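Breakdown of the fold
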Amino acid sequence: MSLTFIFIGITVALSLYAWNNYSIMNKWIMNPYSVQRNHEYYRFLTSGFLHADYGHLFFNMLSLYFFGANVEYYFSVLFGESTGSLLYAALYLIGIIVANYPDFAKYKNSSGYNALGASGGVSAVVFSAILFNPTATILIYFIPMPAFMYAVLYSFYSYYMSKRNLDNIGHSAHLYGAGFGVVFTLLLKPDLALSCMAQITEYLQRFL
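Below: a short report on this structure. Quantities reported herein were computed from a predicted structural model and do not represent experimental measurements.

What about the packing of aromatic side chains?
Under the defined criterion, the tally for this structure stands at 18 aromatic pairs. Ring centres of Tyr 107 and Tyr 113 lie 3.8 Å apart, and the angle between their planes is 10°; on these two criteria the pair is classed as stacked. The buried category is assigned to Tyr 107, whose relative accessible area is 17%. On the numbers, 5.4 Å between centres and 55° between planes, the contact of Tyr 203 with Phe 207 is tilted. Site record: aromatic cluster; members linked through ring pairs are Tyr 73, Tyr 74, Phe 75, Phe 79 and Phe 132.

What follows is the structure in structure tokens.
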């Protein structure tokens, strides 16, 4: 069975469960102060299976559904089904953990700060998929654009918003998750960098 569907199923189930059980939400959410003071390091991962509301849950799982299946397929072709599945799971789960680090470092002495969501893992999967197929068409608010252009805009937007801190969205988590996805994928298949650049160059040459 597809790991993507398993992750989606577990995330939906745990998010719904936590919405109706405040003690679980409070125990699993990313609270940097609790991690620092009580050594509750499990929160780095469990917070990735919780979401704030239906919209937050829907868009994260929709992105994972569209991009995850592709990455899972690429990994299985390159490394075999069993190894590919393990590597895909590592990409997603470690992406969640890595993406939580900026909040931990910044708010470890602030008891009132909390964070949750699978955005870090999802970003890791999305950017891994873009490395494999950078010229695929992505629809952003019904506007078509090549995947590599989306990656550039997403990165600049996340960096800008993380510096401005105008909302309660963890933009730095998105950025760290995306960066981890790129690094992790290139460590597994270094020649993908040249392949990705070649595809982008060929795409741009159509307009020159």
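Remarks on the packing of helix H5 (residues 54-79) against helix H7 (residues 119-132)
Angle between the axes and distance between the axes: these two values describe a pair of packed helices. Running from N to C, H5 and H7 cross one another at 45°; their axes reach a closest spacing of 8 Å. As judged from the angle between their axes, H5 and H7 are oblique. For the crossing formed where H5 meets H7, the hand is left-handed. On H7, the residues that touch His 56, Asn 60, Ser 63, Leu 64, Phe 67, Gly 68, Val 71, Tyr 74, Phe 75 and Leu 78 of H5 are Ser 119, Val 122, Val 125, Val 126, Ser 128, Ala 129 and Phe 132. Here the residues of the contact of H5 with H7 are counted per class, giving 11 nonpolar, 6 polar and no charged.

Examining the packing of helix H1 (residues 3-19) against helix H6 (residues 81-107)
Relative to each other, H1 and H6 sit at 40°, their axes nearing to 10 Å. Along this stretch, H1 crosses H6, giving a crossing that reads as right-handed. Every residue of H6 that contacts H1 at Leu 3, Thr 4, Phe 7 and Thr 11 is listed here: Ser 85, Tyr 88, Ala 89, Tyr 92 and Leu 93.

Parameters and conventions
- Residues numbered from 1 in each chain as written.
- Predicted model: local features only at pLDDT ≥ 70, side-chain atom pairs only at ≥ 80, totals over all residues.
- Heavy atoms only, no water.
- Phe/Tyr/Trp six-rings, centres within 6.5 Å; stacked < 30°, edge-to-face > 60°.
- Buried < 20%, exposed > 50% of the residue type's maximum accessible area, 1.4 Å probe, protein only.
- Axes fitted to C-alpha atoms, helices over the stretch in contact; angles between N-to-C directions.
- Helix = DSSP H or I, 4+ residues; strand = E, 2+ residues; numbered from the N terminus.
- Parallel < 35°, antiparallel > 145°, perpendicular 65-115°, else oblique.
- Left-handed = near helix turned anticlockwise from the far one by under 90°.
- Contact = heavy atoms within 4.5 Å.
- Nonpolar A, V, L, I, M, F, W, Y, C, P; charged D, E, K, R; others polar.

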